[in-house]
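Each chain is listed here by its residues.
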Amino acid sequence: MRAIRDRLRLVYGVPRARPHGHPIAELILTVLSQSTNDRNRDVAYLALRERWPTWEAVRDAPVDEVEQAIRPGGISRVKSARIKSILRAITETHGSLSLDWLASQPVGVAQAYLISLPGVGRKTAACVLLFALGMRDVPVDTHVSRVGTRLAIFRAGAPFEELHDTMLKVTPPGEELEFHLNLLRHGRRTCYARRPNCRSCALRRMCPSADKVG
């Protein structure tokens with residue numbers, strides 16, 4: 001893992017980002033990111049926040065109006081219902097619409113609470129814990145999964161639950177953000193799903209899948 005880290009650093013540098021401290025915002029942003037690109041996700045998120053400046057207002061808004069606002073992000077009918085269900089569930093379980101209390105909890109407790117919310121899985125929970133709160137978790141999206149599987153970090157065909165457990169186990173503490181972002185960048189820029197650019201890959205010599213994927 002350290003060799004992979006060092007090679008990726010040569011290509012992508014060492015990404016740094018302080019936790020932004022807004023867990024609900026990260027949670028909703030991650031829901032909006034599903035099955036779309038970053039640009040459409042951001043357009044949908046900004047439209048949502050411009051229409052309703054508080055999360056309480058989003059929670060209480062008619063679902064069809066939320067659906068209309070986030071339409072640029074795709075599958076808006078599903079996402080609008082999910083967002084409202086999540087915001088209602090947070091309110092019902094804690095009496096107020098806040099996730100700030102997660103920062104004082106052990107990672108396992110915070111993670112378990114997040115995945116208990118409607119439609120929230122390990123990747124979404126990991127995004128909230130890492131990006132918003134700076135807690136030890138590593139999101140495994142399709143890019144990280146693909147690159148990690150080709151590098152034999154992950155067992156071929158492993159379910160996402162196992163991928164997250166494995167990634168967290170092998171990532172050195174304090175390097176969660178770096179591994180997530182640099183593996184993601186590598187998947188987007190070199191290790192494509194189809195016809196990966198193995199010839200130009202910085203990890204070619206240590207990759208058991210090099211030149212074997214068509």
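Below is a summary of the structure that appears in this document. (Residues numbered from 1 in each chain as written. Predicted model: local features only at pLDDT ≥ 70, side-chain atom pairs only at ≥ 80, totals over all residues. Heavy atoms only, no water.)

**Section: the pattern of salt bridges**
Then, in step 1: Across all of its chains, the model carries 16 salt bridges by this definition.
Then, in step 2: Salt-bridge contacts for D38 lead to R41; the nearest nitrogen and oxygen are separated by 3.6 Å. Highlighted residues: D38 and R41, both in helix α3 (residues 38-51), separated by three residues, approximately one helical turn.
Then, in step 3: A relative accessible area of 18% means that R41 is categorised as buried.
Then, in step 4: E162 is the salt-bridge partner of R155, the closest N and O atoms lying 2.7 Å from each other.
Then, in step 5: Accessibility expressed as a relative area gives 48% for R155, which makes it partly exposed. (Salt bridge = Lys/Arg side-chain N within 4 Å of Asp/Glu carboxyl O. Helix = DSSP H or I, 4+ residues; strand = E, 2+ residues; numbered from the N terminus. Buried < 20%, exposed > 50% of the residue type's maximum accessible area, 1.4 Å probe, protein only.)

**Regarding the packing of aromatic side chains**
What characterises a pair of aromatic rings is the spacing of the ring centres plus the angle enclosed by the ring planes.
Then, in step 1: Taken as a whole, this structure holds two aromatic pairs when the rule is applied.
Then, in step 2: Consider the rings of Y45 and W55, whose centres lie 6.2 Å apart with planes at 50°: the pair is tilted. Taken together, the positions of Y45 in helix α3 and W55 in helix α4 (residues 55-60) put the pair 10 residues apart, joining distant regions of the chain. Exposure class is identical for Y45 and W55. Each is buried.
Then, in step 3: Centre to centre, the rings of W101 and Y113 are 5.0 Å apart; their planes meet at 70°, and the pair counts as edge-to-face. Of this pair, W101 sits in the loop between α6 (76-94) and α7 (107-115) while Y113 sits in helix α7, placing them 12 residues apart in sequence.
Then, in step 4: We classify W101 as partly exposed; its relative accessible area is 24%. (Phe/Tyr/Trp six-rings, centres within 6.5 Å; stacked < 30°, edge-to-face > 60°.)

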